[in-house]
Amino acid sequence: MDKKTVWISGAANGIGRATARLFSKKGYYVGLADINEAGLQQLQKELGVKNSHYMVCDVSDSASVEAAFASFAEKTGGKLDLLIENAGILAVSYFEETPIEKYRKMIDVNAFGYVNQAYYALPYLKKAKNAHVILISSSASIWGIPFYSVYAGTKAFVKSLTESLRTEFSRFGITVNSVLPHMVKTAMEETQIQGGAAPDQFKITPEMTAKVIWKAANKPVKLHWVMGENIGLFFFLKRIKSDLGMMKLVKKVLYDPFVKA
């Protein structure tokens, strides 16, 4: 295949869909992975069957991920230039108000799902010249955020995984970096407007995030791409403030204004 190829998980909606549209517009052959087959079919119809291939894939299921990469490889002749790991689920509430089963699923998708994708993509990435991996983390990975406790933990896992794989995969000539957006205006986020999530916090669109992902793909030297008003400052303060100072800051800014009466 002459075109560059990209695999995008969570492609049926939100950030994944916007990213697929952008990379297709830029001339990539796009692999669309999601559990939402109807959304995938609609997106492939928009992008064109000659420009994309969709795979119904549960990223938390190793066999499903392995089969999906094999299906994509059949279409591309085994070519995979760029892996974008984006699929994720969210719960926003006081810790005890979310069912434990949802937390288990969140960890399976948001953490082990990223391991699955990197693991089964690696044989194909190793064959490509200047291959690249982008992991979608979150501003919640910078410091544990109230109301997002388990979600924040999974995204901190993704941030650390980025840093580890960055070093390990360098021996194959593969670059790894991450994008850390803050509260993107997607259906997943908006359905969680309770507890610590207020409507006016959703200032970042999927399209804005897709543009940063494109930049990260073309400037792989930068390790973490932080998005959001004052989030870069927050990222800096985390480096210089004490743990107690950070806890007080987070409580004042992200907890106290949203505490239930």
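The structure under discussion appears in the preceding block.
Predicted model, so just to flag it, every value in this text is computed and none were measured.

**Observations concerning the overall build of the protein chain**
Thought 1: Helix and strand counts for the protein chain come out as nine helices and seven strands.
Thought 2: Residues counted as buried form 53% of the 261 residues belonging to the protein chain.
Thought 3: When contacts within the protein chain are restricted to residue pairs at least 6 apart in sequence, those whose partners lie at least 24 apart make up 66%.
Thought 4: Carbon and sulfur atoms make up 55% of the accessible area of the protein chain, which totals about 12,600 Å².

**Topic: the environment of Lys219**
Thought 1: Following the sequence through the fold, Lys219 ends up in the loop between α7 (206-218) and β7 (224-226).
Thought 2: Between the alpha carbons of Lys219 and Asn177 there is a distance of 9.6 Å; along the sequence they are 42 residues apart.
Thought 3: Residue contacts for Lys219: discarding those within four places in its chain leaves Asn177 and Trp225.

**Examining the environment of Leu161**
Thought 1: Secondary-structure assignment places Leu161 in helix α5 (residues 149-168).
Thought 2: A relative accessible area of 16% places Leu161 in the buried class.
Thought 3: Linking Leu161 and Leu135, residues 26 residues apart in sequence, is a C-alpha distance of 8.8 Å.
Thought 4: Here Leu161 is in contact with Tyr114, Val115 and Leu135, once residues within four sequence places are set aside.

**Focus on the packing of aromatic side chains**
Note on aromatic pairs: each is described by the distance of the centres and the angle between the planes.
Thought 1: Enumeration over the complete set of coordinates arrives at 12 aromatic pairs.
Thought 2: Between Phe23 and Tyr28 the ring centres are 5.1 Å apart and the planes differ by 80°, which places this aromatic pair in the edge-to-face class. As far as burial versus exposure is concerned, Phe23 and Tyr28 are alike and both buried.
Thought 3: A ring pair is formed by Tyr119 and Tyr120, whose centres lie 5.1 Å apart and whose planes are at 75°; its orientation type is edge-to-face.
Thought 4: According to the relative accessible area criterion, Tyr119 is exposed, its value standing at 58%.
Thought 5: Residue classification places Tyr120 among the buried residues on the basis of a relative accessible area of 19%.

Calculation criteria
- Residues numbered from 1 in each chain as written.
- Predicted model: local features only at pLDDT ≥ 70, side-chain atom pairs only at ≥ 80, totals over all residues.
- Heavy atoms only, no water.
- Helix = DSSP H or I, 4+ residues; strand = E, 2+ residues; numbered from the N terminus.
- Buried < 20%, exposed > 50% of the residue type's maximum accessible area, 1.4 Å probe, protein only.
- Contact = heavy atoms within 4.5 Å.
- Areas by Shrake-Rupley, 256 points an atom, 1.4 Å probe, with all protein chains shown as cover.
- Phe/Tyr/Trp six-rings, centres within 6.5 Å; stacked < 30°, edge-to-face > 60°.

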